[in-house]
Amino acid sequence: TVLYAEALLRTAMLQKLGMRGALTFGEVFCDRHMVIGGAISRVYEMEQQQEWIGCWVDECCLKRLNRATATDHLWDILLASYPIPLKAGPVKMEIAVNWVALGFRDERLPAAWKRVKKKSLFPRRTWDVMRKLQNTDRFITAMLKLPGVH
């Protein structure tokens, strides 16, 4: 799921689309007409709280993912401890999908990010949009400083 989230965020950015999302684990009931469950409610709440382009990984996912069984690539490259920017509440370290790590090795992603920023600011420049772009810029800068990213 983390690999899919990383690929989705990176691919969306290449298409000049900013996305945010969340990953969690829990029971879900599906039939032909509806999808309900605690996990659906939780990811909705997590997504709605965020103020950036990115993906927040719920702590319950980490409890299910045993470091001994996960690849180093997953832990060291695709998951990053980061103070995910939220609309309210305490600032604390959470786990984010690091969509920057693999994507910024390709020159197309930094160019796409510049176009997303430019497109997002015009014609409707608002503080809400500016805040999300600045938060995303901070995340990108922090992720590019991690060892093994370049």
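This text follows the structure it describes.
In this text, all values refer to a predicted model and were calculated from it rather than measured experimentally.

**Student:** Quick rundown of the overall build of the protein? Include the residues and the values.
**Tutor:** Helix and strand counts for the protein come out as 7 helices and 6 strands. The helix and strand sequence of the protein, counted from the amino end, reads α-β-β-β-α-β-α-α-β-β-α-α-α. Scored against the burial criterion, the 150 residues of the protein give a buried share of 39%. Contacts in the protein between residues far apart in sequence, at least 24 positions, make up 64% of those at least 6 positions apart. Approximately 9,400 Å² of the protein is accessible, and the part contributed by carbon and sulfur atoms is 58%.

**Student:** Requested: an account of the packing of aromatic side chains, with residues and values cited.
**Tutor:** Under the defined criterion, the tally for this structure stands at 4 aromatic pairs. Residues W52 and Y82 carry aromatic rings whose centres are separated by 6.1 Å and whose planes lie at 5 degrees to one another, so their mutual orientation is stacked. Taken together, the residues span a long stretch of sequence, with W52 in the loop between α2 (38–49) and β4 (54–57) and Y82 in strand β5 (residues 79–82) at a distance of 30 residues. Take Y82: its relative accessible area is 11%, and that puts it in the buried class. Measuring from ring centre to ring centre gives 5.0 Å for Y82 and F139, while their planes differ by 80 degrees; the resulting arrangement is edge-to-face. Of this pair, Y82 sits in strand β5 while F139 sits in helix α7 (residues 127–144), and the two are 57 residues apart along the sequence. Judged by its relative accessible area of 0%, F139 falls in the buried class.

**Student:** Quick one: what's the story with the side chain of K132, residue by residue and with numbers?
**Tutor:** Mapped onto the elements of the fold, K132 is located in helix α7. What makes K132 buried here is its relative accessible area of 17%. Ignoring any residue separated from it by four or fewer positions in sequence, one finds K132 in contact with R20, Q50, E51 and W52.

**Student:** Describe unusual backbone geometry, and please don't skip the residues or the numbers.
**Tutor:** In the Ramachandran plot, K16 falls in the positive-phi region, its phi being about 65 degrees despite a non-glycine side chain. With respect to the helices, strands and loops of the structure, K16 is situated in the loop between α1 (2–14) and β1 (20–23).

**Student:** With reference to specific residues and values, describe a positive patch on the surface.
**Tutor:** Among the surface-exposed residues, K16, R115, K119 and R124 lie close enough to one another that they form a single positively charged patch. Residue K16 is classed as partly exposed on the basis of its relative accessible area of 32%.

**Student:** Which residues make up the pattern of salt bridges, and what values do they have?
**Tutor:** Summed over all chains, the structure comprises 9 salt bridges. The salt bridge involving K117 is made with D137; its shortest N-O contact spans 3.3 Å. Note that K117 is positioned in helix α6 (residues 108–121) and D137 in helix α7, a separation of 20 residues in sequence.

**Student:** Can you lay out the nonpolar core for me, pointing to particular residues and giving the numbers?
**Tutor:** A general feature of soluble globular proteins is that nonpolar side chains tend to end up buried together. Core analysis: the biggest nonpolar cluster contains 35 residues, and M13, V97, W99, W113 and F139 have the highest contact counts within it. The element contributing the most residues to this core is α7, with 5 residues. Apart from residues lying up to four places away in sequence, W99 is in contact with E6, L9, R10, M13, I53, G54, F104, L109, T136, F139 and I140.

**Student:** Residues and numbers for a nonpolar patch on the surface, please.
**Tutor:** A cluster of nonpolar side chains, L8, L17 and M19, forms an exposed patch at the surface whose accessible area comes to about 270 Å². Its location among the elements puts L17 in the loop between α1 and β1.

About the thresholds
Counting of residues starts from 1 at the beginning of each chain's written sequence and follows it residue by residue. With pLDDT at 70 or above as the cut-off, local features in this predicted model cover only qualifying residues; side-chain atom pairs require 80 or more to be listed or tallied, and sums for whole chains, interfaces and linings still use all residues. Just so you know, side-chain values use all the structure's heavy atoms and leave hydrogens and water out. Runs of H or I in DSSP of at least four residues are treated as helices and runs of E of at least two as strands, each being numbered from the N terminus. Working definition: with a 1.4 Å probe on protein chains only, accessible area under 20% of the residue-type maximum means buried, over 50% means exposed, and in between means partly exposed. Residues count as neighbours in contact if any of their non-hydrogen atoms are within 4.5 Å of one another. Note that accessible areas follow from Shrake-Rupley with a 1.4 Å probe, and for residues the cover is restricted to the protein chains shown. Between the rings of Phe, Tyr and Trp (Trp by its six-membered ring), a pair exists once the centres lie within 6.5 Å; its type follows the angle of the planes, with under 30 degrees stacked, over 60 edge-to-face, and the other angles tilted. What makes a patch is a set of residues exposed beyond 30% relative accessible area and free of salt bridges, joined within 9 Å when like-charged and within 5 Å when nonpolar (Val, Leu, Ile, Met, Phe, Trp, Tyr). Whenever a carboxyl oxygen of Asp or Glu lies within 4 Å of a side-chain nitrogen of Lys or Arg, that contact is scored as a salt bridge. His is not counted, nor are the chain ends, whereas Lys and Arg count as positive and Asp and Glu as negative. In this description, the location of a charge corresponds to atom NZ of lysine, CZ of arginine, CG of aspartate or CD of glutamate. Buried Ala, Val, Leu, Ile, Met, Phe, Trp, Tyr and Cys residues that are joined via side-chain atoms within 4.5 Å together make up what is termed a nonpolar core.

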